[in-house]
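# Observations on the three-dimensional arrangement
What follows is each chain in one-letter form.
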Amino acid sequence: MNEVMTILESSLTDANFRKLLAIPNRHVHEFVANAIELCEPMKVFVCDDSEMDTEYIRRTAIARGEETELAVRTHTVHFDGMFDQARDREHTIYLVPKGETLGKHLMQTDRERGLKLTKDRLRGSMRNKKMIVRFFCLGPIDSVFSIPCVQITDSFYVAHSADLLYRHGYNFFRRLPEDSEVFRMLHSSGKLMHSVSIDWKRRGVAIDYRENTVYSYNTQYAGNTIGLKKLALRLAIRKASREGWLAEHMFLMAVHGPNGRKTYMTGAFPSGCGKTSTSMIPGATIVGDDLAYLRKVYGKIRAVNVEKGIFGIIRSVNEKDDPVIWDVLQSEHPVIFSNVLINDGVPYWIGDGREPPKRGINFSGEWFEGKKDESGEEIPPAHKNARYTIALDGLSNLDETLDDVDGVKVGAVIYGGRDTDTWVPVQESFDWAHGVITMGASLESESTAATLGPSGVRLFQPFSNMDFLSIPLGRYISNHLRFGEATEAPPKVFGVNYFLKDSNGNFITDKLDKRVWLQWMELRVHGEVSAMKAPTGLLPWFDDLQRLFRRYLNKEYTMEDYLTQFETRVPELISKINRIENEYREGVTDVPALLFSILEEQREMLLAAQREHGDCIPPTVYDEIH
Ligand code: OXD
Ligand code: MN
């Protein structure tokens, strides 16, 4: 018996050893054995996805105090530490083998040095704790999109969250060939006090892409710890780049058009910029809200949801603006709330439209109105990045294609960010390359509470995937161009902006207006409305929007709304092109020449329009195009 088997046999009980050995994959055996050697758990639990095992995980999360039951029997709450409330971009680092570089935008360190530090942090981290080993599949099972994934963690909350969010993969792993490629994730919460990680100053995420492995330590916040979410995305982007497909930070939904027609759209918005509320909009059906894989299948671009659940931002979810999400959270559908305020077993959050209680329990412990933190700042009742975790099954708006092995045909790709002063609410690109360059590669967005650090700072966010990019940016853009160009009839590309403000700083679109933008895009995909040609793309006609506002929102859309929302803001657009060009000229290698020529052409068109019409151009000056 080799060394791996000796370690496994001596560390696992008979039942757990049998469960592990039923999986023939040698990478898995090795990974578990190495993790045991490194983390020194007291016990190891291998989850076989049976009801008994998954229920054990949920119950233990509660028994250990990682979660607490709420008034609704199927709901629990979890709290992360005061300083562990968001993704830690600064300490998420690629381990780069000697002689390689990922370019200036990505945090990276020498692989050998990084691995040593990571292992030092994880050494002995599970003493007195139980190690949980779980198997999942990213994308539908038994499909060309499937990626098998093994997650090791010492957190029952992480294991329980993954239960709701990912397709269970134990049986899938049992059928896998012995040597198949597997993504591997190892997480430890480190030292705990009252079930909360206390060593957050020494937390980190290390991505060892050479070994398809991601390590995460001294943190509990799901965005840093649930391996299948943003940690596996980084490995998937590399795999996609090697194999000629795309791994994206995108929702996937069906917009329902006339006569029951469904048009599938994917949309890339940075964290906290409306992916979930878009994909859960009334009248549409959701496939996924956060991660999509796009591949060419039978010559067409098709996509799947990588996940089967939602880890959604709860702030501002209220009955009026997000009726579908609201109803789910009030129902008996299982939910893990995180970092909300609990009063008498009921969760509250910022912007929920209710009278907030004056006291309760939140991420700071016992909370009361006016409570201050160590630096004298008032602690809000709930964190701005408070979340809910749910499985998609059982939602009345779930699209029936969630598990289709060939995915769904993508009719449109949408890019959007938190942009207060530049883009119009919706426009279509002239073609695939124009959309990829001026919308995807040029995306900027204000930072949000989903990452640590100040919110509201304008950041370069190409494709909304910047935080997760694991290949040089220039190569990533070339991959996008090639992906669509080599396809007959690629999806249409659109840019949206839900965050445009007037000169007084007020939003000039309502939250539900996105429903109209989606319906307009749906009609454009099928060539059923014409558009007008602006310098930056194709814009909707007033009459079409007015009709759609009446039909879908029962709202009177005025010419005044139209003129302010759809004016071309030339100085802002030119400044944006300058900023984007600078980003690509400084320190990004292998940028396709097409990027610079399309941006230059865009600038020329804007300057020509400015000479004719001035700085702010109303949409009424443009001509029709079909
Ligand atoms: C998320 C994120 O939680 O992007 O989805 O931060
Ligand atoms: Mn996300």
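Nothing here was measured: the structure is a model prediction, and the numbers come from that model. (Residues numbered from 1 in each chain as written. Chains lettered and ligands numbered in written order. Predicted model: local features only at pLDDT ≥ 70, side-chain atom pairs only at ≥ 80, totals over all residues. Heavy atoms only, no water.)

Take the coordination of the manganese ion (ligand 2) next. In this structure, K230 (NZ), H249 (NE2) and D290 (OD) serve as the protein donors to the manganese ion (ligand 2), at separations of 2.2 Å. All donors of the manganese ion (ligand 2) come from a single chain, and their spacing in sequence reads K-x18-H-x40-D. Remark: H249 occurs in the loop between β14 (246-248) and β15 (251-256) and K230 occurs in helix α9 (residues 227-243); sequence separation between them is 19 residues. Looking at K230, the relative accessible area reads 6%, which means it is buried. (Donors = N, O, S within 2.8 Å, 3.2 Å for Na, K, Ca; no water. Helix = DSSP H or I, 4+ residues; strand = E, 2+ residues; numbered from the N terminus. Buried < 20%, exposed > 50% of the residue type's maximum accessible area, 1.4 Å probe, protein only.)

Backbone phi values are negative for most residues with the exception of glycine, while trans is the configuration of most peptide bonds. Phi is positive for S316, close to 70 degrees, though the residue is something other than glycine. Position of S316 among the secondary structure elements: in the loop between β20 (309-313) and α11 (323-330). Given the relative accessible area of 29%, S316 is considered partly exposed. The phi dihedral of F463 is positive, around 60 degrees, even though this residue is not glycine. Classification of F463 by relative accessible area gives buried; the value is 0%.

The tally for this structure, following the rule as stated, stands at 24 aromatic pairs. Taking 5.9 Å as the distance between ring centres and 25 degrees as the angle between the ring planes, the aromatic pair formed by F542 and Y557 counts as stacked. Placement of F542 in helix α15 (residues 542-553) and of Y557 in the loop between α15 and α16 (559-565) is noted, with a sequence separation of 15 residues between them. The burial state of F542 is the same as that of Y557; both residues are buried. Members of the aromatic cluster, each reached through a chain of ring pairs, are W517, F542, F549, Y557, Y562 and F566. When the ring centre of W349 is taken as origin, the NZ or CZ atom of R354, which lies over that ring, is 4.8 Å away. The residue whose ring lies beneath K514 is Y498, and the NZ or CZ to ring-centre distance is 5.0 Å. (Phe/Tyr/Trp six-rings, centres within 6.5 Å; stacked < 30°, edge-to-face > 60°. Lys NZ or Arg CZ within 6 Å of the ring centre and 35° of its normal.)

All right, on to the layout of surface pockets then. Of the pockets and cavities examined, the largest pocket occupies roughly 1000 Å³. Around the largest pocket, the lining is made up of 44 residues, and of these G272, C273, G274, R418 and F499 lie nearest the centre. The set of elements that each furnish at least two residues to the lining of the largest pocket consists of α9, α10 (275-279), β20 and β26 (387-391). When its residues are assigned to classes, the lining of the largest pocket shows 12 nonpolar, 16 polar and 16 charged. Approximately 530 Å³ is the volume attributed to the second largest pocket. Lining the second largest pocket are 21 residues, with M82, Q85, F363, D373 and H383 sitting closest to its centre. Its residues assigned to classes, the lining of the second largest pocket comprises nine nonpolar, six polar and six charged. (1 Å grid on protein atoms, 1.4 Å probe; cavity = no way out; pocket = protein on both sides within 12 Å on 5 of 7 lines; lining within 4 Å. Points joined across faces, edges and corners; volume = space filled by probe spheres on them. Nonpolar A, V, L, I, M, F, W, Y, C, P; charged D, E, K, R; others polar.)

Right, let's get into the domain arrangement of the chain. Many authors give the size of an interface as the accessible area that is lost as the parts come together. For the chain, the domain assignment lists domain 1 (2-65 + 85-244), domain 2 (247-308 + 401-614) and domain 3 (311-394). The C-alpha-based centres of domain 2 and domain 3 are spaced at 29 Å. Between domain 2 and domain 3, the residue contacts involve 15 residues of the former and 15 residues of the latter. Roughly 1200 Å² is buried in total at the junction of domain 2 and domain 3, and carbon and sulfur atoms are behind 65% of that figure. At the boundary of domain 2 and domain 3, one finds one salt bridge. Ionic pairing is found between K511 and D322, a salt bridge with its closest N-O pair at 3.6 Å. Between the two partners, domain 2 and domain 3, sit three residue pairs in polar contact (both at pLDDT 80 or more). (Domains from an automatic or database assignment. Contact = heavy atoms within 4.5 Å. Buried area = accessible area lost by both parts, 1.4 Å probe. Salt bridge = Lys/Arg side-chain N within 4 Å of Asp/Glu carboxyl O. Polar contact = N/O pair within 3.5 Å; in protein donor to acceptor, adjacent residues only side chain to side chain.)

With that settled, the discussion passes to the pattern of salt bridges. According to the stated counting rule, one finds 49 salt bridges in the structure shown. Where K229 meets E307, a salt bridge forms, and the shortest distance between an N and an O atom there is 2.7 Å. Placement of K229 in helix α9 and of E307 in the loop between β19 (300-305) and β20 is noted, with a sequence separation of 78 residues between them. Assigned by exposure class, K229 and E307 land together as buried.

A few words on the environment of V96. Assignment of secondary structure puts V96 in strand β4 (residues 92-96). C-alpha of V96 to C-alpha of D208: the two residues are 112 residues apart in sequence and 7.5 Å apart in space. Among residues more than four places away in sequence, those in contact with V96 are T101, L102, Q108, T109, D110, R111 and Y209.

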